[in-house]
Amino acid sequence: MYDVVLLTLASERDAPGGCGSGGACCGGATEKDGSPTTTEGDQCVTDQPRVPVLACADALTARGARVQTVTARSDAEIDAVLAQLDGPARPDGLVWPDTDGKTRLVVATASDGQLRAVLRRLVRRYAPAPSRRPADLPDNRTLPDLPPVAVLPLDPARGGTQRDLAAQLGLPRDPAAVAAAVLDGTPRRLDLLRNDGGSVTLDGALLGAADDAGRPLHWRARVEVDDTVLTNGDEPLLACAVGNAGGYASLDDVTLLAAPDPADGQVEVAVAVPVVVRSAFGRKRVRLEVRRARGRAVSVLPREGKVPYLDDGVEGELTRKRSWWVEPGAWAVWVV
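In this report, we go over the structure that sits alongside the text. (Residues numbered from 1 in each chain as written. Predicted model: local features only at pLDDT ≥ 70, side-chain atom pairs only at ≥ 80, totals over all residues. Heavy atoms only, no water.)

Before going further, it helps to examine the nonpolar core. Nonpolar side chains in soluble globular proteins generally cluster together in the buried interior. Judged by nonpolar contacts, the single largest core of 35 residues is most densely connected at L7, L105, L115, L146, L192 and W331. Considering each element in turn, this core owes the most residues, 7 residues, to helix α3 (residues 112-126). With sequence-adjacent residues up to four places away left out, L105 is seen in contact with V5, L7, V81, L82, L85, V118, P148, V149 and A150. Judged by nonpolar contacts, the second largest core, of 24 residues, contains V269, V271, L318 and V326. (Core = buried A, V, L, I, M, F, W, Y, C linked by side-chain atoms within 4.5 Å. Buried < 20%, exposed > 50% of the residue type's maximum accessible area, 1.4 Å probe, protein only. Helix = DSSP H or I, 4+ residues; strand = E, 2+ residues; numbered from the N terminus. Contact = heavy atoms within 4.5 Å.)

Take the packing of helix α2 (residues 75-82) against α3 next. Between α2 and α3, the least distance of the axes is 10 Å, while the angle of their chain directions is 65 degrees. Comparing the axis directions of α2 and α3 gives the class roughly perpendicular. Like other packed secondary-structure pairs, α2 and α3 cross with a definite hand, here right-handed. Counting all contacts with α2, which are made through D75, I78, D79 and L82, the residues of α3 involved are V118, R120, R121, L122, R125 and Y126. (Axes fitted to C-alpha atoms, helices over the stretch in contact; angles between N-to-C directions. Parallel < 35°, antiparallel > 145°, perpendicular 65-115°, else oblique. Left-handed = near helix turned anticlockwise from the far one by under 90°.)

To continue, consider unusual backbone geometry. The phi angle at D252 is positive, at roughly 55 degrees, despite the residue not being glycine. Tracing the sequence through the fold places D252 in the loop between β11 (250-251) and β12 (254-255). Phi angles above zero are rare outside glycine, and D312 is one such case at about 55 degrees.

Among the structural elements, A110 can be located in the loop between β3 (103-109) and α3. Along the sequence, A110 and A10 sit 100 residues apart, while their C-alpha atoms lie 10.0 Å from each other. Leaving out residues up to four positions away in the same chain, A110 has contacts with R50, L154 and D155.

With that out of the way, let us pick up the pairing of strand β1 (residues 3-9). Counting buried positions along β1 yields 6 of 7 residues, so the element is predominantly enclosed. Direction of pairing for β1 relative to β3: parallel, over a ladder of 6 bridges. Note that in β3 the partner of L6 across the bridge is V106. (Pairing = 2+ DSSP bridges.)

To continue, consider the pattern of salt bridges. Per the stated rule, a full pass over the model turns up 22 salt bridges. R120 serves as the salt-bridge partner of D75, at 3.4 Å between the closest nitrogen and oxygen. In this pair, D75 sits in helix α2 while R120 sits in helix α3, placing the two residues 45 residues apart along the sequence. The class of R120 is buried, set by a relative accessible area of 6%. With a closest N to O distance of 3.2 Å, D136 and R90 form a salt bridge. Of this pair, D136 sits in the loop between α3 and β4 (149-153) while R90 sits in the loop between α2 and β3; the two residues are 46 residues apart in sequence, bridging distant segments of the chain. Three or more residues are tied together by salt bridges with common partners; here these are D75, D79, R120 and R121. (Salt bridge = Lys/Arg side-chain N within 4 Å of Asp/Glu carboxyl O.)

Here it is in structure tokens:
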């Protein structure tokens, strides 16, 4: 029978010492001054196991699994949990995941940012340095297959276009169904976006900002997808979407990403450019032109100032060139 670790993140600490940028352990919410939102004194509401976690633990125990519940308040505490997924020592000295291990991991998430925080630590644990790249690593990857994780959403599914990753992937939300996926399911492998900022993206990123009235602000950047230049930085942009899945496929009523697929080995990128056109009567109007491209890698180079963005729901500001690249099938979720 399996050992199952139920991991919940609960920390108000920010990266790099905490559980991910933007207060990701607390759901990625931040106040206007950039500090993470808290609801009970100085602690997150997830400091104690929530009802879905306890229900999932009961369902796993009823099936004979040995269950450990852990509330991690720092990256170090996350790392201590992930160490249980290590495989036997390799001759080359690399730490590698155990492909035949009997320990399975369930991540209880209040946001996609929390799930990303765990995957970021998995990548840092198992990705070898370029100088130590082993011969058994696929040519199109910089890290081995990461251990599958089960996702236990802590909140009800949201409607509209801003669905969380569990909803997009059709993963179960009921704790008993999640327990069944852990014990009886199979891994569904998915693409992972790594970036040169040292983090990862599971769903996608949306770059751009709006004023207090909700009107999008213009900004400029050079955006390249493989050898395709979507914009060279000389024209204003309203938004740029970098999509692995479909969470950032739309902006209001404008479709940005046409068909993002988290398992096709490509990233889809779109930029929204305001274009002035004249009618037959000489009147000017502005229409939104959406340019798209697909590839293995994308880079965004801001031309001026700071560009706000959301990456898996976590806020940030881009001040220099950022590159994302696809790691095909690098991570996996347990599905029935």
